[in-house]
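The primary structure of each chain is shown beneath.
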Amino acid sequence: MTSKLVFLTGATGLIGFRVLVFCLRNGYRVRVALRALSKKDVILQTQSIRALSTESNLSFVEVPVFSSETAFDQSLQDVDFVIHVAAPIASVAPGTIKTDLADHYTKSTTNAALNLLNAAQTHRTVKRILFTSSLAALIDYVTDSDATIHTETTRPVNIQQPPYGSTFEAYTAAKVATLSRIEHWVASEKPAFDVVQMAPGHVFGPNELENDPVELLRTGSNRIILAPVTGEAYNSEPGVTVHLDDVAEAHVRALHPSIPGNQLYILSSGGLNGTRLDECLKIVARSFPEHVGETLPNNGSLPSSVFKVDASESARILGINFIPYEQQVRDTVGYYLECVGLRSTPTSLE
């Protein structure tokens, strides 16, 4: 019997690439959407993809502009599942955003999601669409307080409007707006397929697509950990984290029909009270003592803000015991050390 076909966006990013690996490991065929087909070489040359020997299950299609109304009309042919990971990230190098923040984040994110939904309506084979959202989608910038407990059914009433004062404000507004637009679309259109939203906290784990230690320190969620352990003072961040592998595993498990659709799942490892992010300094001190000093000054700062989430129901339904923060830090920093050539035993990506 032919294995199910997954259409995947975002495979050149941290989460999307790991979702690709996990889908292939679990026997799915995957059609990867790339803005330029030339980017497929980066994916094909990775250790994880080469080790799988699943070339027959992996194909690529060029979709230059996700926000174009007809972007996905042809690429969903014969697709069983859609996993839409691609979206602008909050942690970017200064000066890299050349457009208005609202256009870069909100407009591009919501348009791509709605284009996928509309395209899937015309392809009767699609059974489920997974959207990679974020815990940021549950933030109400007016009513939230330190006492607010966010669950799978929490929805903000207020969406911060432009102009935005920071990339984080724009990113958060985009996530809130996109979640709302998707749910309104589903309620209005009542499609034959169902929709699942994944809402992870800060995602930490080895980024196999990037082995330049300078770039690892510039962008992406791993920078939140890497900055303080390399001596920088980092801004306050919500103490909600999850291992990259748990995020990928959750996406693959959510393809199974036993997992209820048309709802959101929270991915966060720290329990209701969250994680003290600056514990990364103690974890590094005991895990990599031989590198603490010149390579890992380990004397920066990373204050945590309060953002309470209850992920227990999501963990129960998905059957996931979240990997603890200590392992998230060890894997992230260990990969960084591997990239600067200081580790004799490579970090496992299996």
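Structure report, in brief. As the structure is a computational prediction, the values presented were derived from the model and not from experiment.

**Points about the packing of aromatic side chains**
Considering all chains together, one arrives at six aromatic pairs under this definition. Their ring planes at 15 degrees and their centres at 6.1 Å tell us that Trp185 and Phe193 sit as a pair that is stacked. The pair formed by Trp185 and Phe193 is uniform in burial state, with each residue classed as buried. With a centroid separation of 6.5 Å and 55 degrees between ring planes, the pair formed by Phe204 and Tyr325 is classed as tilted. With Phe204 in strand β8 (residues 202–204) and Tyr325 in helix α11 (residues 325–339), the pair connects residues that are 121 residues apart, well separated along the chain. Across this residue pair, the class does not change: Phe204 and Tyr325 are buried. Joined through ring pairs, the aromatic side chains of Phe7, Phe66 and Phe72 make up one cluster. Positioned above the aromatic ring of Phe66, the side-chain terminus of Arg35 is 4.0 Å from the ring centre.

**Points about the packing of helix α4 (residues 101–121) against helix α5 (residues 167–189)**
Direction vectors running N to C along α4 and α5 enclose 20 degrees, while the axes themselves pass 8 Å from each other. Here α4 is positioned roughly parallel relative to α5, judged by the angle of their axes. When you trace α4 past α5, the crossing you get is right-handed. Along its contact with α4, which presents Leu101, Tyr105, Thr106, Thr109, Thr110, Ala113, Leu114, Leu117, Asn118 and Gln121, the element α5 presents Thr167, Ala170, Tyr171, Ala173, Ala174, Ala177, Thr178, Arg181, Ile182, Trp185 and Glu189. A breakdown of the residues in the contact of α4 with α5 according to their chemical character gives twelve nonpolar, seven polar and two charged.

**What to know about the nonpolar core**
Formed by 64 residues in total, the largest nonpolar core has its most connected members in Leu20, Ile83, Met198 and Leu318. Here the element with the most residues in this core is helix α1 (residues 14–25); it accounts for nine residues. Sequence-distant contacts of Leu318, that is, excluding residues within four places in its chain, are made with Met198, Ala250, Arg253, Ala254, Ile259, Tyr265 and Leu267. Counting residues in hydrophobic clusters, the runner-up holds 26 residues, among them Ala113, Ile129, Phe131 and Trp185.

**Thoughts on the sheet that holds strand β11 (residues 263–267)**
An order of β3-β2-β1-β4-β5-β7-β11 is seen for the seven strands of this open sheet, with the pairing classed as parallel. Taken across any chain shown, the strands that pair with only one partner, and hence form the sheet edges, are β3 (58–62) and β11. The average angle at which neighbouring strand axes cross in this sheet is 20 degrees, direction not considered. Relative to the sheet, α1 contacts β1 (5–9), β2 (29–34), β3, β4 (81–84) and β5 (128–132), its axis offset from that of β2 by approximately 160 degrees. Here α5 sits on the sheet and contacts β5, β7 (194–200) and β11; the angle it forms with β7, its principal contact strand, is near 165 degrees.

**Brief notes about the state of the cysteines**
Enumeration over the complete set of coordinates arrives at zero disulfides. With no disulfide of its own, Cys280 lies 18 Å from the sulfur of Cys339, the closest cysteine sulfur. By relative accessible area, Cys280 is classed as buried at 0%. The exposure class of Cys339 is buried, given its relative accessible area of 17%.

**Overview of the side chain of Gln197**
Here Gln197 is to be found in strand β7. The buried category is assigned to Gln197, whose relative accessible area is 4%. If we skip the residues at most four places from it in the chain, Gln197 touches Phe131, Ser133, Leu179, Ile182, Gln263, Leu264 and Tyr265.

**Thoughts on the pairing of β2**
Within β2, five of the six residues are buried, leaving the element largely enclosed by the surrounding structure. Relative to β2, β1 is paired through four bridges, and the arrangement is parallel. Counterpart to Leu8 in the pairing with β2 is Val32. Between the parallel elements β1 and β2, the chain passes through α1 in a crossover that is right-handed. Bridging between β2 and β3 involves five bridges; their strand directions are parallel. The partner of Leu34 across the bridge, within β3, is Glu62.

The rules behind the values
Residues numbered from 1 in each chain as written. Predicted model: local features only at pLDDT ≥ 70, side-chain atom pairs only at ≥ 80, totals over all residues. Heavy atoms only, no water. Phe/Tyr/Trp six-rings, centres within 6.5 Å; stacked < 30°, edge-to-face > 60°. Buried < 20%, exposed > 50% of the residue type's maximum accessible area, 1.4 Å probe, protein only. Helix = DSSP H or I, 4+ residues; strand = E, 2+ residues; numbered from the N terminus. Lys NZ or Arg CZ within 6 Å of the ring centre and 35° of its normal. Axes fitted to C-alpha atoms, helices over the stretch in contact; angles between N-to-C directions. Parallel < 35°, antiparallel > 145°, perpendicular 65-115°, else oblique. Left-handed = near helix turned anticlockwise from the far one by under 90°. Contact = heavy atoms within 4.5 Å. Nonpolar A, V, L, I, M, F, W, Y, C, P; charged D, E, K, R; others polar. Core = buried A, V, L, I, M, F, W, Y, C linked by side-chain atoms within 4.5 Å. Pairing = 2+ DSSP bridges. Disulfide = S-S within 2.5 Å. Right-handed = clockwise from strand over helix to strand, strands pointing away.

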